Amino acid sequence: MKNLLSILVLCTGTLLAQSGQLSGNFQSDFQLYLEDEALDFNLENPSSGFPSERFLSNGFANIMYTNSNFSAGIRYEAYQNALLGYPSGYKGEGITYRYAQFSKNGLDVTVGNFYEQFGSGMILRAYEERNLGYDNAFDGIRLKYSPLKGVYLKSLVGRQRLFFDKGEGLVRGVDGEVSLNEAFVGLNEIKTQVLLGASFVSKYQKDLNPAYNLPENVGSWASRMSVNHGRWNFNSEYVHKYNDPSAVNNYIYKTGNALLMSGSYSKRGFGLSLAAKRIDNMDYRSERDQNLQNLIINYLPALTKQHAYTLATIYPYGTITTGEMGLQAELNYKVKKGSRLGGKYGMGVLANFSNVYAIDKQQIDAFTPLDSTGTLGYSSDFFKVGEEKYFQEFSIELSKKVNKKLKFIGTYINTEYNSAAIVGYSYHGMIYSDIFVLETQYKIKSKHSIRTEIQHLSTEQHEGNWVMGLAEYTISPHYFFAVQNLYNYGNTDKKISYPTVSAGYNKGTSRFALSYGKQRAGIFCVGGVCRNVPASNGLSLSITSSF
Amino acid sequence: MKNALLALAIFSSTLTALAQDKISIFPSVNIKSTDGKMINTNSFENDGNPIVVSFWATWCKPCAKELDAITEVYDDWQEETGVKVIAISIDDARNAVKVAPYANGKDWPFEIYLDSNSDLKRALNVNAIPHTFLLNSKNEIVWQHTSYFDGDEEELFEEIQKLK
């Protein structure tokens, strides 16, 4: 039945292609794994994850048909078998996504699969992060309607994707947003812009638990506001969730809530942003027994800086959905050209500070331990910061162009990482690290450039110090070559080095990248989603394209 | 049998697609301006001059490099071709508040929008960022490119000049 719909959609698409247009994209990753003595990565050591297939591949293609107000599409995915580190649920191949959508007179209808976000996403967000294998798309019906200018309504009903299957729970949601300045004629010309929004989401899953009487319907609501005045901007969203006993919260009956507030001021050459959040028992899934990244309804952003340098990604933060509170401040500044510090081209400054603490948790009475199953779990003072520190980080990045050919970027990062509390490593206790990075960009001649990175991470905990070097040569617009090596020289157990060579070719929207070398074991995160990847050695090829 | 049918369907659609002219219309999707307003991409316009649409995010280094490089030559480009650059951030709630301060801190002279759940990115079949599109006076996509190497902006400018 599923396939039948896809075929119908496709055939219709093909027939109508004369007047509409077809587009799509494609990605395929292949990896040949090689045994490695230093990493103890081989068939004899099953815990190393060495695949008996030796050769693994992931791939997908999207094909979309659009004709004025109508569009339809499908995605085919194949994991034969999934690359190491991907969730084990990705096995096999098939159509995982198909939809049809049309819009007319302000009404927009989608049937089949869709992604969606209400407000900041803290109450509901379906999205995909392909490189991590994260996809919680809905399968159902969504309506969007704009009855008046500046008024936007959405509603949806659906079940969520779980690898090649769907979750059992039903999710229903409505969301409304009003731009006051657009909706009310008298406010059109006012400089202060105000947006108000509200959502209601509910999930249904049958209760078959013999021991407890679990709620079959779990509702949640959210309200949000955004105010803009010239260079100033303020946003906030509050979410409340009714009691939702689940595997993640140890089946407690406490309600949950989340607050996210942020503000910024910026003008040409200067930007400052501040954000604060508090999350209390907000893990929300369409099946109460699920864990990991499965069937999550909402998105709880990690308010910490997202780093790009390799060593700065060794200790990444991931939101603790059962409870945390934190702050973040970021400053962007461009030192003016011609000033003493700025020199001929100016100098860029980017500084960031963030911290995350536990929330306050008190026993509900003298006899019930915290988080006891079947109870209210704990009580929490909204304004009180918990004692345990989860994470803290300060970073500063200075970028300076010396002349037309040469540019330096220097970065310092100081991190405190509570590994036992975060999704992190098995190491218990706080990991303190200092990271220095010097990046150099040099333009050899027109279209030929070389970029180098020297990185150092020092810590007395966990795996000790790391050093890394990278050199990348690019010839615009088609070629790149890179060599890099990570060396964990401070490790008292095993001093391993991870060399990699890679090369790539780009043309238009197609990209081919080939690499050979070792991959360190670690937690890899994109956005707030993380996965644990084992150490490996091998040859990989990645091809992406779109049309 | 079902699978064979499906394979046939995919194959024939792909062929049809490849046989078509490369030019395609820029999709109509709601995104947000940095002051929170909903904007539909079909309202993009530049007095009949070319438009460049570039996808970026605050955590994407090559994206910043590309937009920095265009910033340096933007005055010359505009003078010669009247081109306008629209930079679309795919930052989600984690970094959305940083988008305007980041772009302003960098002194980028572009129109900035947020595509915080990647709706437009999906509609344009973008695999990874940076990814840049060039639109002609009818908002048709005439050229696109993925990733950024130093000097790529020169190729983009050659394509812009062809539209004049």
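The numbering scheme is per chain: residues are counted from 1 as the chain's sequence reads. Chains carry letters from A onward and ligands carry numbers from 1 onward, assigned in written order. In view of the model being predicted, local features appear only for residues whose pLDDT reaches at least 70, and side-chain atom pairs are presented and counted only at 80 or more, with totals across whole chains, interfaces and linings using the full set of residues.

What follows is about the overall build of chain B. Only DSSP runs of H or I covering at least 4 residues are called helices, and only runs of E covering at least 2 are called strands; the numbering of each starts at the N terminus. Looking only at helices and strands, one finds 5 helices and 8 strands in chain B. Exposure criterion: with C-beta atoms placed from backbone coordinates, a residue whose C-beta has 20 or more other C-beta atoms within 10 Å is buried, one with 12 or fewer is exposed, and one in between is partly exposed. Buried residues in chain B amount to 50% of all 164 residues. Each residue is represented by a C-beta atom placed from its backbone, and any two residues with such atoms within 7 Å are regarded as in contact. Considering only intrachain contacts with a sequence separation of at least 6, the fraction spanning at least 24 residues in chain B is 69%.

Time to look at the packing of helix H2 (residues 61-81) of chain B against helix H5 (residues 152-162) of chain B. Residues and elements named next belong to chain B. Axis lines are fitted through C-alpha atoms, for helices just across the contact stretch, and the angle between N-to-C directions can take any value from 0 to 180 degrees. Two elements in contact, H2 and H5, have axes separated by 10 Å at closest approach and are oriented at 25 degrees. Here H2 is positioned roughly parallel relative to H5, judged by the angle of their axes. Here H2 and H5 pass one another in a crossing that is right-handed. Judged by residue contacts, Glu-66, Ala-69, Ile-70, Val-73, Trp-77 and Thr-81 of H2 engage Asp-152, Glu-153, Phe-157, Ile-160 and Gln-161 from H5. Three categories are distinguished: nonpolar for Ala, Val, Leu, Ile, Met, Phe, Trp, Tyr, Cys and Pro, charged for Asp, Glu, Lys and Arg, and polar for the others, with Gly belonging to the last. A per-class count over the contact of H2 with H5 returns 6 nonpolar, 2 polar and 3 charged. Angle categories are assigned with fixed cut-offs, so that under 35 degrees is roughly parallel, over 145 is roughly antiparallel, 65 to 115 is roughly perpendicular, and the rest are oblique. By convention the crossing between two helices is left-handed if the near helix lies anticlockwise of the far one by an angle smaller than a right angle, and right-handed if it lies clockwise.

Next up on the list: the nonpolar core. Nonpolar side chains in soluble globular proteins generally cluster together in the buried interior. Among the nonpolar cores identified, the biggest contains 101 residues, and A:Met122, A:Leu311, B:Trp56 and B:Ile129 are the most heavily contacted of them. Dropping the residues within four chain positions of it, A:Leu311 is found in contact with A:Ile435, A:Gln455, A:Leu457, A:Trp466 and A:Met468. Buried Ala, Val, Leu, Ile, Met, Phe, Trp, Tyr and Cys residues whose C-beta atoms connect them within 7 Å together make up a nonpolar core.

Attention now goes to the sheet that holds strand S2 (residues 30-33) of chain B. All names here are of chain B. Following DSSP output, two strands are said to pair if at least two bridges run between them. Spatially, 8 strands are ordered S1-S8-S7-S4-S5-S6-S2-S3 in an open sheet, and the strand pairing comes out mixed. Pairing within the sheet leaves two strands with one partner each, and these edge strands are strand S1 (24-25) and strand S3 (38-40). Where S2 lies against strand S6 (residues 111-114), 2 bridges are found, and the strand directions are antiparallel. Residue Lys-32 lies in a different strand from S6, and its bridge partner there is Leu-114. Most of the contacts of H2 go to strand S4 (residues 51-56), to which it runs at about 150 degrees, and overall it touches S4 and strand S5 (84-89). Strand contacts of H5: S4, strand S7 (131-135) and strand S8 (140-146), with the helix running at about 15 degrees to S7, the strand carrying the most contacts.

Below, the discussion takes up unusual backbone geometry. Negative phi characterises most residues that are not glycine, and trans characterises most peptide bonds. Here the residue pair A:Gln80 and A:Asn81 is connected by a cis peptide bond, since its omega of -20 degrees sits within 30 degrees of zero. Position of A:Asn81 relative to the elements: it lies in the loop between strand S3 (70-79) and strand S4 (92-104). Cis peptide bonds are those with omega within 30 degrees of zero, and the linkage from A:Ser476 to A:Pro477 qualifies with 0 degrees. Along the polypeptide, A:Pro477 turns up in the loop between strand S25 (466-475) and strand S26 (479-487). Phi is positive for A:Lys447, close to 75 degrees, though the residue is something other than glycine. Position of A:Lys447 among the secondary structure elements: in the loop between strand S23 (430-445) and strand S24 (448-458). Look at A:Lys447 and you get partly exposed, because 18 C-beta atoms sit within 10 Å. The phi dihedral of B:Asn125 is positive, around 55 degrees, even though this residue is not glycine.

Take the pairing of strand S2 (residues 55-67) of chain A next. Residue and element names in this part refer to chain A. Summarising the sheet, strand S1 (residues 21-33) and S2 pair through 12 bridges and their orientation is antiparallel. In the sheet register, Asp-29 faces S2, and the bridge partner there is Asn-58. Hairpin connection between S2 and S3: a loop of 2 residues separates the two successive antiparallel strands, and Ser-68 in this loop has a positive phi of roughly 40 degrees.

With 69 residues of chain A in contact, the opposing surface of chain B contributes 48 residues. The greatest single-element share of the side of chain A that touches chain B, amounting to 7 residues, is contributed by helix H1 (residues 2-16) of chain A. Residue classes in the side of chain A that touches chain B are distributed as 22 nonpolar, 39 polar and 8 charged.

Any link to function would need more than the numbers given here.
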